[in-house]
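Secondary and tertiary structure notes
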Amino acid sequence: MAAQRQLIARSEQLQDGGRGVRFEVQIPGETAPAFAIRSGGAVHAYLNRCRHVPTELDWQDGRFFDSSGQYLICSLHGALYLPDSGQCIAGPCYGRSLFKLQVEEIDGQVYYLPVMDK
Ligand code: FES
């Protein structure tokens, strides 16, 4: 089913390993917080919901990376996630993954593509 894409950021707002952009998505039964970051040159987006306890990850608004700029970190208990896949590689939710969202970057703009397969 086709759905309206949603503009979430300008490309220059997302620097590799830098601050993320928060936005909201409609998922079955709720409006949920989400975020986009850039890593390895590509934009990735996830529900802003840790896989340990369903809390938001950012320790300050839009701060999702750890101090190395290599991993996403949960502010509550420090779970580390790979920024390109969302897989937890350390912490209490080891092996689980953030809920990945589809995004595309076109002409300096980043869009969320609201495609829900389930
Ligand atoms: S709530 Fe994220 S690591 Fe515990």
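Computed from a prediction, not measured in an experiment: that's the story for all the values here.

Another aspect to go through is the sheet that holds strand β4 (residues 42-47). Pairing in this open sheet of six strands is antiparallel, and the strands run β1-β9-β8-β4-β3-β2 from one edge to the other. At either margin of the open sheet sits one strand with a lone partner, and together these are β1 (6-10) and β2 (21-27). Direction aside, neighbouring strands of the sheet carry axes that sit 35° apart on average. Judged from the four bridges that link them, β1 and strand β9 (residues 109-113) form a sheet pairing that is antiparallel. Looking across to β9, one finds that R10 is bridged to Q109.

It is worth spelling out the pattern of salt bridges at this point. For side chains bearing opposite charge, pairing can occur when the charged atoms are close. This structure, assessed with the given rule, holds seven salt bridges. The salt bridge involving E12 is made with R10; its shortest N-O contact spans 3.0 Å. R10 gets classed as partly exposed once you look at its relative accessible area, which sits at 42%. Between R22 and D58 there is a salt bridge, with its nearest N and O atoms 2.8 Å apart. Linking R22 in strand β2 with D58 in the loop between β4 and β5 (72-73), this pair joins segments that are 36 residues apart in sequence. For D58, a relative accessible area of 11% translates into the label buried. Three or more residues are tied together by salt bridges with common partners; here these are R22, E56, D58 and D61.

One open sheet accounts for three strands, arranged β5-β6-β7; its pairing is antiparallel. Strands with a single pairing partner mark the edges of an open sheet, and in this sheet they are β5 and β7 (88-90). As defined by bridge partners, strand β6 (residues 80-81) adjoins β7 across two bridges and the pair is classed as antiparallel. Its bridge partner being in β7, Y81 is matched across the sheet by C88.

Right, let's get into the UniProt feature "domain: Rieske" (unreviewed entry) in the protein chain. Per the UniProt record, "domain: Rieske" (unreviewed entry) is annotated on residues 5-112. End C-alpha atoms of residues 5-112 are separated by 6 Å, and the span's content is 0% helix alongside 43% strand.

What follows is about the packing of aromatic side chains. Taken as a whole and assessed by the stated rule, the structure comprises three aromatic pairs. With a centroid separation of 5.8 Å and 40° between ring planes, the pair formed by F35 and Y46 is classed as tilted. In this pair, F35 is assigned in strand β3 (residues 30-39) and Y46 in strand β4, connecting sequence segments 11 residues apart. We classify Y46 as buried; its relative accessible area is 0%. Taking the centre distance of 3.9 Å and the plane angle of 10° together, the rings of F35 and F64 count as stacked. Residue F35 is located in strand β3, and its partner F64 is located in the loop between β4 and β5; the two are separated by 29 residues in the primary sequence.

Conventions and cut-offs
- Residues numbered from 1 in each chain as written.
- Predicted model: local features only at pLDDT ≥ 70, side-chain atom pairs only at ≥ 80, totals over all residues.
- Heavy atoms only, no water.
- Pairing = 2+ DSSP bridges.
- Helix = DSSP H or I, 4+ residues; strand = E, 2+ residues; numbered from the N terminus.
- Axes fitted to C-alpha atoms, helices over the stretch in contact; angles between N-to-C directions.
- Salt bridge = Lys/Arg side-chain N within 4 Å of Asp/Glu carboxyl O.
- Buried < 20%, exposed > 50% of the residue type's maximum accessible area, 1.4 Å probe, protein only.
- UniProt positions renumbered as here; feature names shortened; annotations may be inferred.
- Phe/Tyr/Trp six-rings, centres within 6.5 Å; stacked < 30°, edge-to-face > 60°.

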